[in-house]
Amino acid sequence: MRQHHGLPSVPKKHLQLRLYLQKTVVSILLLCILCLAFWIRIQGAERLPDGQFTENDAYLYHYQANIIAERGHLPVRDMRRWLPLGRDNGQLLSLYSYTIAYIHKAFPWLSLYDIQLYAPTLCFTLGLGVLLLFLSRCYGVFFAVVVGVLLTTLPGSVERSAIGFGDRDAWCWMFGVLAVTSHLWKEQIEPGWGRDFATALSGFIVFFGGMSWEAFRVFVLRYGNRHTLSVEMEWIPAHACPFSVRQYHLFSVARRCMDRRREM
């Protein structure tokens, strides 16, 4: 009688070692992409004159950050703009300038200029890292590597996140990536405190992005009117937790209040 011999079983220790090596290789590969993205964007720093940026709006944020660092807040009106009445600073979304100023206060050895000089590159690299982790977990390492290489070398992304750009484009892009990935991560969590935490985290990130740029809505799904709101509410699955449904309502109300305040 012919005997069937099964395949030799792999020891559990060897499986754990193989899994550890696989995770290590993936981590090194993704880290190399991040290092490449950072390296590309810091080229030419030595040719940039001291105190200069490569974009016009960066000087406005640097001016605001200087005022915040000195006074702790922006004045009610900026009398250097929109003369003779001045620019109403209450209509501005200046979280970017406040962040630069308070980082300088927390780390006085870092100048406002140096912080703003490297901020676009650091924000892009951080956002790219979160995106690569999410894509590798959900769609595989190959897909994450392809997306990472494309975003790393895309001329438009390099230009607006390079050292010296100084604008808030990469800052808002980072918040956009964090908002979308945290929302998609929330959809993969079973109802409970973990899902509620991810939902609240996504909402806070959207709030920070909204306080940084008037057009941050391009990064997230917007509730343009009652019709689109009702359509999106019908899209919510029946088993969605009440906390998620309340978040949709509160976000819509907050958005409409901000729009009306901006129109006044």
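Cut-off values and rules
- Residues numbered from 1 in each chain as written.
- Predicted model: local features only at pLDDT ≥ 70, side-chain atom pairs only at ≥ 80, totals over all residues.
- Heavy atoms only, no water.
- Helix = DSSP H or I, 4+ residues; strand = E, 2+ residues; numbered from the N terminus.
- Buried < 20%, exposed > 50% of the residue type's maximum accessible area, 1.4 Å probe, protein only.
- Contact = heavy atoms within 4.5 Å.
- Areas by Shrake-Rupley, 256 points an atom, 1.4 Å probe, with all protein chains shown as cover.

Asker: Kindly report on the overall build of the protein chain, identifying the contributing residues and their values.
Answerer: The secondary structure content of the protein chain amounts to ten helices and two strands. By the burial criterion, 36% of the 264 residues in the protein chain qualify as buried. Looking at the protein chain alone, contacts between residues at least 24 apart form 68% of all its contacts between residues at least 6 apart. Roughly 16900 Å² of accessible area belongs to the protein chain as shown, and the carbon and sulfur atoms make up 66% of that amount.

Asker: Could you give an account of unusual backbone geometry, with specific residues and numbers?
Answerer: Each neighbour pair has its own omega, and for Leu83 with Pro84 the value is 5°, a cis peptide bond. Turning to its location among the elements, Pro84 is positioned in the loop between β1 (77-78) and β2 (87-88). You will see that Trp82, though not glycine, has its phi angle at about 55°, which is positive. As for its position among the elements, Trp82 is in the loop between β1 and β2.

Asker: Explain the environment of Cys123 to me, and be specific about the residues and the numbers.
Answerer: For Cys123, the location among the structural elements is in helix α4 (residues 112-139). You can call Cys123 buried: its relative accessible area is 8%. Taking the C-alpha atoms as reference points, Cys123 and Arg168, separated by 45 residues in sequence, lie 9.4 Å from one another. Among all residues touching Cys123, those that are not within four sequence positions of it are Ala170, Trp171 and Met174.

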